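# A look at the structure
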Amino acid sequence: MNFKSKNIAILGAGESGIGTAILAKKMGWNIFLSDFGSIPEKFREAIAELDIRWEENQHTELEILNADLIVKSPGIPEKAGIIQKAFEKQIPVISEIEFGGYYNKAKTICITGSNGKTTTASLTYHILKNAGVNVGLGGNIGQSFAKQVAEENFDWIVLELSSFQLDGMFDFKADIAVLLNITPDHLDRYEYNMQNYVDSKFRIIQNQTNNDWFIYNFDDALIQKEIEKRSPVSQQAPFSLTTELNVGGYVNKAQQITINIKDQFTMSIHDLALKGKHNTQNSLASSITSRILEIRKEAVRESLTDFVNVEHRLEFVAKVHGIEFINDSKATNVNSTWFALESMEKPTVWIVGGVDKGNDYSELTELVSDKVKAIICLGENNAKIKEAFGNIIEDIYEASSAMEAVAYGYRLAKKDETVLLSPACASFDLFENYEHRGNEFKKAVRAL
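This write-up is about the structure you can find in this document. Keep in mind that this is a model prediction, so the values were computed, not measured.

## Some words on the packing of aromatic side chains
The tally for this structure, following the rule as stated, stands at eleven aromatic pairs. On the basis of an interplanar angle of 80° and a centroid distance of 6.1 Å, the ring pair of F145 and F172 is categorised as edge-to-face. Within this pair, whereas F145 is found in helix 7 (residues 145-151), its partner F172 is found in the loop between helix 8 (163-167) and strand 9 (176-179), the two being separated by 27 residues in sequence. The class of F145 is buried, set by a relative accessible area of 0%. The class of F172 is buried, set by a relative accessible area of 8%. Both rings, one in W350 and one in F389, keep their centres 5.4 Å apart while their planes meet at 70°; by these two values the pair is edge-to-face. Here the residue W350 occupies a position in strand 18 (residues 348-352), and F389 occupies one in helix 15 (residues 383-389), the gap between them amounting to 39 residues. The exposure classification of W350 matches that of F389, with both residues buried. Through successive ring pairs, a cluster of aromatic residues spans W29, F99, Y102 and Y103.

## Observations concerning the nonpolar core
In summary, soluble globular proteins display a tendency toward joint burial of nonpolar side chains. In this structure, I8, W29, F99, L159, L161, F202 and F214 are the most contacted members of the largest nonpolar core, which totals 48 residues. Here this core takes five residues from helix 1 (residues 15-26), the largest share from any one element. If near-sequence neighbours (up to four positions away) are discounted, L161 is found in contact with I97, C110, I111, T112, K117, L166, M169, K201 and I204. Membership of the second largest hydrophobic core comes to 37 residues, among which are I176, F239, M267 and V300.

The rules behind the values
- Residues numbered from 1 in each chain as written.
- Predicted model: local features only at pLDDT ≥ 70, side-chain atom pairs only at ≥ 80, totals over all residues.
- Heavy atoms only, no water.
- Phe/Tyr/Trp six-rings, centres within 6.5 Å; stacked < 30°, edge-to-face > 60°.
- Helix = DSSP H or I, 4+ residues; strand = E, 2+ residues; numbered from the N terminus.
- Buried < 20%, exposed > 50% of the residue type's maximum accessible area, 1.4 Å probe, protein only.
- Core = buried A, V, L, I, M, F, W, Y, C linked by side-chain atoms within 4.5 Å.
- Contact = heavy atoms within 4.5 Å.

Printed below as a string of C-alpha cells:
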C-alpha cells in the first residue's frame, strides 16, 4: 500500500462508501465522494459531519480520475464507464473491504456462498458474542467494515462477503474462510460465464497461509472440483450431511451434528434453532468456526439452540387461527427458495414472483409438487411462473400487493398449514427492495 499522495475517490455514498470515508478521514486521505444517484438523508448527515468534498447525481471525471486510489460500492459493475476509464489510467479500483483491510488489526472470519451467508455470519457472530469474544459483524450485513476498523477495537470480526465485494479484494486475507455453496447467481455481472463467478467466490481463500483455515461444503461437487484444481495451502475443515469426516463436521447416523476439531462435539439436529438441511449446513459451518476458536462446547450448544434467524430469512411472523405465516423475502433467487420449500413441514401456500433474473423454475418442480397446495403470484409479470407450475398446481392466483397476497393466503390455507413468502425474484417491480417487500408482508399479516 504505497501511494505517491493520498487522494482517494469514493464511488457510492451508501453504507460502504460512508464507512470508507470515515476511515479515510481518520487516516489522513484527501477525499472526494461521488454518487451517480441522489444520496439518502441519513447519509447526508454523516457527510456533513465529515466535512469532505462530495457530489451527487453525477461522476465528475476530472476529480475521480485524479485519485491515487478508487474505492467503489459493490453495486457498481466493472463495466461502468468511469471504472473502465480508471482501469485505462491504471488507477487501482478496490472494495471497501480491501481498504478496511489496509488498517484492520482484528482477526477475520470471512463467509461467502450463493446462499446462507447472512444466516451463517449472524449465527457465528451470535455464538462468539455469547461466549464473551470481543467480536464485530460487518461486510454485506450490518455496519460497514471500514467504519468498524475506524471506530472499534475488536479481536475478531465476522464478515459476510458477496462476490462483488470479493472482486475488489486483492491483498486482503481471511484468517478463517468459509465457502458454503456455489450455485448460479448474478451471472449477468460475470458475462454469463459460471467459471467467472466460481473464480470470484474462490477469492475468499486468496493469500491464506498454512496457519489459516478453510471451511467448505464437502457435498458441493463444484467446490470439490475447484479444490482439486487449486490445492489450497490452508488447513481444511469441510462439512457434510452424508460423509463422516476426520477433521471438520458432519451429520452422523443418529441425526447428530458431529464436529471433529480439537476434540469431538455432538448435538442432536432436532435441538438446532434453525430447521432444514441447508440450515444444518449453516450450523455445521458456524460450529466448526467456533471450535477452531476453542469456544466451550456448552456455549456453542446453547447458542445453536437459542439463535433467532435474521429478518426476512425464513422469519416466523405470526400464527393466525392456526395458520403459520413465514417471511422469506430475502430469497431473491431460485436456489434460496429451494432451501425454503425444502424446510417446509406442512402443506404450504407459496407466494412467489417479482423481477425474474433469468430463473429456471424446473429445479423447484419436485418440491412444489410435494409441498405446495396453492401458488400466489406477487409480481407484474407472472407468465413464466404460471407456465412452470400450471400443470402441477391447480390453484394459482395473482396479487398486486402484499395485502392482497396475504388475504389470498389466509383464505387458501387451513389450520396447521403454512403461508410462505419466498419470491425467488428481485422485488423492484412492486417494492423498493426485499426489506420493503418483507415489511409489507408482515404488516399485512398483522392486520388480519
